Amino acid sequence: AAMEVNIRGVYNVAHFCLPHLDQSKGHFVMISSRAAQVRVPSASHYCVSKHAIGRFNEFIAIEHPNVKTFALHPGAIITDMSREVLSTRDSATLDSIRLPAATLMRLTSGSGRDNYLSGKYVSSNWDLDEVEEKYKEKIIQEEALVSRLAIP
């Protein structure tokens, strides 16, 4: 189910939306997860599907430069799935649904302020003012926040 929803579902929506977003210079946001960046035993289906979303996001940015696109980690929001995997101890670290809502409002406001994050993985848990102030130039120069092979 994770592959169908997270990959095929997002791809199908993108397929029909992107031509219109190209014309309107709109925004495309897909919901990613911190799980895209880690390897968790017994969660490969979910982690791989979210990792694929991140890579798809990168391709949208390359193939549709008029569209600002983001793979957004919404934070630790309580869902049916998270209820199954979180312990009582973990529930103290849950985020409010207001967190990703505020992040989405900022990313899609049309101000252009966060356009340098287009095609990147973005976490709602980040202070985007701090990211801009401390890391924007490095993110741009090093093409950071994307998937890549790390060679030691």
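Residues numbered from 1 in each chain as written. Predicted model: local features only at pLDDT ≥ 70, side-chain atom pairs only at ≥ 80, totals over all residues. Heavy atoms only, no water.

A. Quick look at the sheet that holds strand 2 (residues 68-73). The strand order 1-2-3 describes an open sheet built from 3 strands, whose pairing is parallel. On the outer flanks of this sheet lie strand 1 (27-31) and strand 3 (120-123), each paired with one strand and no other. Each adjacent strand pair in this sheet contributes to an overall mean axis angle of 35°, direction not counted. (Pairing = 2+ DSSP bridges. Helix = DSSP H or I, 4+ residues; strand = E, 2+ residues; numbered from the N terminus. Axes fitted to C-alpha atoms, helices over the stretch in contact; angles between N-to-C directions.)

B. Representation of the pairing of strand 2 in the model. Most of strand 2 sits out of view: 5 of its 6 residues are buried. Bridge count between strand 1 and strand 2: 5 bridges; the pairing is parallel. Paired with histidine 27 across the two strands is lysine 68, which belongs to strand 2. (Buried < 20%, exposed > 50% of the residue type's maximum accessible area, 1.4 Å probe, protein only.)

C. Seen up close, unusual backbone geometry. Notably, lysine 25 is not glycine yet its phi reads approximately 55°, a positive angle. You can see lysine 25 is positioned in the loop between helix 1 (2-24) and strand 1. Even without being a glycine, serine 42 presents a positive backbone phi close to 70°. Considering the arrangement of structural elements, one finds serine 42 in the loop between strand 1 and helix 2 (44-63). Among the residues examined, serine 42 registers a relative accessible area of 77% and is labelled exposed.

Any functional reading would require information beyond the geometric quantities listed.
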